[in-house]
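# Close look at the chain arrangement
Here are the chains, one letter per residue:
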Amino acid sequence: QVFAGENVILSMLASKQLLERLFLEAHVARSGFTENVNDASNVSTSSIQSFFNLLDVRSSTRWGNAIYIGGNYKLDFGKFTFGYEWIDPGYKTMGALYFQNDIRNITTGMSIAALERRLTISGKIGVESNNLNGKQANQYNRVIGSIQSSFAITNDLNLQAGYSSFNNVNRRTVIEDPLNPVPVSELILSNENAQVGLYWAIQNTKTRLASIQAVLNFSSGQSILNDEVQPDNKVQSINALLYAGYQIIPTKWTFGATFSRQTNQLSISNTFINSLGLSASKQLLDNKMNIYNNLALASSTQEIENQADLQSTILSNNLGLSYQLNKKNALSFNSNYIRTKAKNDNNANPSFYEFRNSISYQIRF
């Protein structure tokens, strides 16, 4: 059973450059999540705990904290990086900042540049652990790592490749029950990711920039149900993307077109998604303001035991605006809309939609 929920997040970001070579940053977030806004039992809390009454606190409301502290130190031949991340058990949001909870990461890494900086290689290694409150039956400590590389063959042609075993949570829309074909937004935890890609500037002049970018990505992991990772539900995903961009430099307009093909495999279910996207952005007020819009239309086919079970259409639009008030202050707004309409063999036409808005204010010290 699905209930209407509510989520309020208070987050802060601070960063500082020290001694010309040392950079430090910290992210702190606190989330208040109400599972059921129709629950009649209100709970008396302080104004601070209810985010100054922005959150209607009820018996199904829970709170959680997320912290990240990290930075880097510049070397003559590269950069040394370090980080510490802690996400409380039970920490939950509707998709902002962090999807995962009950996790602690301690990482360190290095990046180097060679061949007159045409070749760059960066790597990270660390330890990831869960059961931060000591209440979980399944506890683990595992070594995590990543490596990324980039090679500029010419000034206009660049190749990239990488691999990571860090946890990464993504969202996709699936049908849980073929007899009740209601699209459900599902979370997928991937802990193995590999990627190759290229960037080619076809035209690069003082007034025009035309480019093509191609990326092929593979990931594998497990599904997430009720905030719990399902180790027996293996997931694999292959995503191919082709992007063409065109920038008119004098007018500060940028246009883009994207085509992608995604294949997801979960147990006996396979999902195939073809997507076409169009984007446009423009800089205004001496580059202080940037306005952008991304529109995408996708068709999805879901198969159960190699038989087509459901076809759906997904429409999404992302509208945003950012404004640099001065050297230390910036304001941004983002509005995201997604709508899915599905059809199965029984001529059922269920739909799912989500509308999300955010406003952020950034201060540099």
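Please refer to the structure placed before this passage.
Overview of the structure.

About the thresholds
Residues numbered from 1 in each chain as written. Predicted model: local features only at pLDDT ≥ 70, side-chain atom pairs only at ≥ 80, totals over all residues. Heavy atoms only, no water. Salt bridge = Lys/Arg side-chain N within 4 Å of Asp/Glu carboxyl O. Helix = DSSP H or I, 4+ residues; strand = E, 2+ residues; numbered from the N terminus. Buried < 20%, exposed > 50% of the residue type's maximum accessible area, 1.4 Å probe, protein only. Polar contact = N/O pair within 3.5 Å; in protein donor to acceptor, adjacent residues only side chain to side chain. Contact = heavy atoms within 4.5 Å. Pairing = 2+ DSSP bridges.

A few words on the pattern of salt bridges. Using the criterion set out here, one finds three salt bridges in the structure. As a salt-bridge pair, R21 and D76 come within 2.9 Å of each other at their nearest N and O atoms. With a gap of 55 residues between them, R21 in the loop between β1 (6–18) and β2 (22–34) and D76 in the loop between β3 (61–74) and β4 (78–87) connect regions that are remote in the sequence. With a relative accessible area of 31%, R21 lands in the partly exposed category. A salt bridge links E354 to R356; the nearest nitrogen and oxygen atoms lie 3.0 Å apart. By relative accessible area, which is 30% here, R356 ends up partly exposed.

Moving on: the side chain of S150. Take S150: it is sitting in strand β7 (residues 141–152). At 3.0 Å, the side chain of S150 and the side chain of N158 are in polar contact. Among residues more than four places away in sequence, those in contact with S150 are R118, L119, T120, N158, L159 and Q160.

Pairing between β1 and β2: 13 bridges, direction antiparallel. Its bridge partner being in β2, S11 is matched across the sheet by A29. In this antiparallel pair of consecutive strands, β1 and β2, the connection spans three residues, and L19 shows a positive phi of 55°.

Inspection of the secondary structure puts I125 in strand β6 (residues 119–129). Taking C-alpha positions, I125 is 5.7 Å from I144, a pair spaced 19 residues apart along the chain. Discounting residues that sit within four places of it in the chain, I125 has contacts with I106, T107, T108, V143, I144 and G145.

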